[in-house]
Amino acid sequence: PLRHPVLARAMEDFILWSNARGIDTSRVDLRVDPHTRARAVVCASTAKIKAGEVAVRVPFTACLGTTGLRCGYATCPLDDGDVGSSKQFYTPSDRLAATLAHARFEAEGGTGGGDRDGGAWRAYVVDALPQTVDSPVTTWTNAEIAEMAFARGIGNCAKAKARDAGTIKKLNEKYGDASWTKHFAWALSCVRSRAVDLERGESFLAPMLDMLNHSHGAANVKWDASDDGEAVVLRALKTIDEGEELLTQYACEPAESFLLYMGFVGGMNPYDRVELWSSLGEAADWFAETFRSEGGEVVLDKAAGRSIANELEAQQRARERASIVGLSGGGGTADDAAELRLRDIQSTLMGPSVGWRTDYDEALWLMFRHFTQALMPDENADQIVMHAIKKRCEEVLLSMKTTIEEDEKLFSAEDTPPRLRAAVEYRLFKKCLLVKHLQSD
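Quick look at the structure, then.

What counts, and at which threshold
Position labels on residues start from 1 in each chain and follow its written sequence. It should be noted that, the model being predicted, local features are given only for residues of pLDDT at least 70 and side-chain atom pairs only at 80 or more, the latter also being counted only at that level, while totals for whole chains, interfaces and linings use all residues. Note that the side-chain values use all heavy atoms of the structure and ignore hydrogens as well as water. Pairing between strands is defined by DSSP: at least two bridges between the two strands are required. Helix and strand assignments come from DSSP, with helices taken as H or I runs of at least 4 residues and strands as E runs of at least 2, each series counted from the N terminus. Whenever a helix is involved, its axis is fitted only over the stretch in contact; in every case the axis is a line through C-alpha atoms, and angles between N-to-C directions fall within 0 to 180 degrees. Only heavy atoms matter for contacts: two residues are in contact if any of them lie within 4.5 Å across the pair. Buried and open spaces are told apart on a 1 Å grid over the protein atoms alone, a cavity being a set of points where a 1.4 Å probe fits but cannot get out and a pocket being an open set with protein on both sides within 12 Å along at least five of seven lines. Residues with an atom within 4 Å of a point are the lining residues. Grid points are joined across faces, edges and corners, and a volume is the space filled by probe spheres set on the points. Throughout, the ten residues Ala, Val, Leu, Ile, Met, Phe, Trp, Tyr, Cys and Pro are labelled nonpolar, Asp, Glu, Lys and Arg are labelled charged, and all others, Gly among them, are labelled polar. When two rings of Phe, Tyr or Trp (its six-membered ring) have centres within 6.5 Å they constitute a pair, described as stacked for plane angles under 30 degrees, edge-to-face for angles over 60, and tilted for the intermediate range. A simple rule labels every residue: compare its accessible area, found with a 1.4 Å probe on the protein chains alone, to the largest value its type can have, and call it buried under 20%, exposed over 50%, or partly exposed in between. Placement of a charge over a ring requires the Lys NZ or Arg CZ to be within 6 Å of the ring centre, with the centre-to-atom vector within 35 degrees of the ring normal. Any carboxyl oxygen of Asp or Glu that lies within 4 Å of a side-chain nitrogen of Lys or Arg is treated as forming a salt bridge with it. What makes a nonpolar core is a set of buried Ala, Val, Leu, Ile, Met, Phe, Trp, Tyr and Cys residues whose side-chain atoms join them at distances within 4.5 Å.

### A word on the sheet that holds strand 9 (residues 231-236)
Whenever strands of a sheet pair, they do so through backbone hydrogen bonds, lying parallel or antiparallel.
And then number 1: Spatial ordering of the open sheet is given by 3-9-8, a layout of three strands whose pairing is antiparallel. Where the open sheet ends on each side, the last strands, each with one partner, are strand 3 (54-59) and strand 8 (221-225). For this sheet the average axis-to-axis angle between neighbouring strands, irrespective of direction, equals 20°.
And then number 2: Two strands pair when backbone bridges link them, and strand 8 and strand 9 are joined in this way by five bridges, in the antiparallel orientation. When the bridges of strand 9 are listed, Asp 224 appears paired with Val 233.

### A few points about the environment of Glu 147
And then number 1: Here Glu 147 is to be found in the loop between helix 4 (142-146) and helix 5 (151-175).
And then number 2: Separated by 272 residues in the primary sequence, Glu 147 and Arg 419 place their C-alpha atoms 9.3 Å from one another.
And then number 3: Every residue in contact with Glu 147, bar those within four places of it in the chain, is listed here: Leu 420, Ala 423 and Arg 427.

### Notes on the layout of surface pockets
And then number 1: Here the second largest pocket is characterised by a volume of approximately 980 Å³.
And then number 2: Around the second largest pocket sit 33 residues that line it, and Ala 38, Val 133, Asn 213, Met 262 and Phe 264 are the ones nearest its centre.
And then number 3: Of all elements in the fold, only helix 3 (122-128), helix 6 (184-194), strand 7 (213-214) and helix 14 (418-439) reach the threshold of two or more residues within the lining of the second largest pocket.
And then number 4: The greatest single-element share of the lining of the second largest pocket, amounting to five residues, is contributed by helix 14.
And then number 5: Looking at the lining of the second largest pocket residue by residue, the classes come out as 16 nonpolar, eight polar and nine charged.

### Let's talk about the packing of aromatic side chains
And then number 1: Within this structure, the stated rule accounts for 18 aromatic pairs.
And then number 2: Look at Tyr 250 and Phe 264: their rings are 6.2 Å apart centre to centre, the planes differ by 75°, and that puts the pair in the edge-to-face class. Here Tyr 250, found in the loop between strand 10 (247-248) and helix 7 (255-262), pairs with Phe 264, found in the loop between helix 7 and strand 11 (273-275); they are 14 residues apart in sequence, far enough to count as distant.
And then number 3: Look at Tyr 250 and you get partly exposed, because its relative accessible area is 22%.
And then number 4: In textbook terms, an aromatic cluster arises when at least three aromatic residues are bridged by ring pairs, as seen for Trp 277, Trp 286, Phe 287, Phe 291, Phe 368 and Phe 371.
And then number 5: The lysine or arginine in question, Arg 104, covers the ring of Trp 186, its NZ or CZ lying 4.5 Å from the ring centre.
And then number 6: Over the face of the ring belonging to Tyr 271 we find Arg 357, whose NZ or CZ atom lies 4.6 Å from the ring centre.

### Considering the pattern of salt bridges
And then number 1: Scanning all chains against the criterion turns up 25 salt bridges.
And then number 2: With a closest N to O distance of 2.9 Å, Arg 57 and Asp 228 form a salt bridge. Within this pair, whereas Arg 57 is found in strand 3, its partner Asp 228 is found in the loop between strand 8 and strand 9, the two being separated by 171 residues in sequence.
And then number 3: On the basis of relative accessible area, Asp 228 is assigned to the partly exposed category, the value being 45%.
And then number 4: Measuring nitrogen to oxygen at the nearest pair gives 2.6 Å for the salt bridge that ties Asp 407 to Lys 431. Residue Asp 407 is located in helix 13 (residues 404-412), and its partner Lys 431 is located in helix 14; the two are separated by 24 residues in the primary sequence.
And then number 5: Among the ionic contacts, a cluster of salt bridges with common partners joins Asp 94, Arg 163, Asp 164 and Arg 192.

### Points about unusual backbone geometry
Where the residue is not glycine, phi is negative for most of them; where a peptide bond is considered, it is trans in most cases.
And then number 1: Backbone geometry at Ala 149 places phi at a positive 75°, although glycine is not the residue there.
And then number 2: For Ala 149, the position within the fold is in the loop between helix 4 and helix 5.
And then number 3: Despite not being glycine, Met 208 has its phi angle at roughly 80°, a positive value.
And then number 4: With respect to the helices and strands, Met 208 occurs in the loop between strand 6 (202-205) and strand 7.
And then number 5: What makes Met 208 buried here is its relative accessible area of 1%.

### Describing the nonpolar core
And then number 1: Membership of the largest hydrophobic core comes to 64 residues, with the highest contact counts inside it found for Phe 14, Leu 100, Val 232 and Leu 246.
And then number 2: Here the element with the most residues in this core is helix 2 (residues 92-107); it accounts for eight residues.
And then number 3: The residues touching Leu 246, leaving out its near neighbours within four places in the chain, are Val 28, Val 41, Val 42, Cys 43, Ala 55, Leu 212, Asn 213, Asn 220, Val 221, Leu 234 and Ile 240.
And then number 4: By size, the runner-up hydrophobic cluster in this structure holds 46 residues, among which are Trp 277, Leu 364, Phe 371 and Ala 422.

Spelled out as structure tokens, the structure:
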């Protein structure tokens with residue numbers, strides 16, 4: 001039996017529910033802080049978990065997913081008629097959120113009309129899942145969002161909030177705001193912060209696995225399909241000692257993905273980036289205005305520069321489309337669902353940016369190199385490009401209303417409100433990233 005050093009009644013019911021569903025948690029303990037309700041999954045005190053061994057096994061029948069997946073609850077109310085018919089109109093996150101909202105509606109006594117008993121899932125969808133996910137997209141005010149300071153994060157937040165509001169309005173008009181749709185916003189926040197993506201591009205919720213905490217650089221487990229293909233499992237990446245917390249890496253994404261949808265930054269993120277320009281076209285205009293003649297005249301033809309930028313961006317978008325939609329050489333045809341996912345992803349992609357790994361946008365480098373060779377043929381093109389990027393990093397850093405020192409003091413202060421602390425942490429690491437590039441050789 002599972003041992004629980006600290007466990008609320010709701011978690012007790014959840015553990016019993018999990019065991020009844022065939023979730024194998026015999027090698028771990030679930031700990032819950034009685035004050036903050038923060039949860040942690042740790043290695044049980046019986047024995048170490050060796051690298052490659054399975055720490056937790058969750059049968060697909062104990063998972064919650066969209067229609068067509070092998071999940072125990074898979075009633076997506078957006079599929080009016082044919083299975084999967086809503087894929088061409090809604091994103092995978094929307095569809096899974098609708099499924100979760102439907103399950104909660106049934107669990108609380110609503111009449112869902114589905115082919116599964118949502119009430120049987122109450123211990124998970126009502127008792128175990130968080131009642132709120134405190135994040136910029138869900139609960140923050142505009143003033144709190146503005147504290148993020150960097151335009152890309154604020155812009156992506158505004159886009160997500162507007163899109164979600166539009167989706168909720170459409171669902172309420174179609175299904176009524178007293179139906180399962182009243183839980184949709186909550187469900188969407190849970191899906192964005194907890195879903196597992198393993199099969200056919202569709203995500204699902206795996207009870208117990210979604211209680212693991214994240215680490216950018218110290219993950220000791222990863223989720224994977226079981227050898228028999230009947231479950232999702234947690235495999236140890238290294239030996240995990242007794243009492244050691246199990247940590248996974250939710251995603252290899254910039255800080256925006258974590259703060260906007262999950263409400264945390266998580267310290268130094270090696271995959272974080274800072275957008276320097278919103279587009280290659282904007283970067284081309286900046287280069288023309290920055291590198292003038294000694295007399296102050298604009299030497300680079302802006303129209304020609306924009307043309308080159310547009311061509312490079314078109315090539316970049318084509319590569320993204322081939323990668324996301326799955327086309328090769330432009331010879332295939334994409335389905336509506338893939339195109340919808342493509343538009344959703346591209347709407348939040350960064351423009352030319354810099355990251356911790358000192359990797360620069362290939363298209364930006366090629367464009368600036370081309371401009372340098374045309375305007376300054378006797379100069380070392382790569383050195384000029386590096387100088388240009390550093391100059392832009394300095395401009396962005398100087399445009400901030402607070403300094404790194406001020407942010408460090410604010411972040412460390414005990415009386416700093418949690419949301420402000422998260423926003424400060426977000427902008428602080430972005431600023432440190434810019435400084436890193438300014439100091440690079």
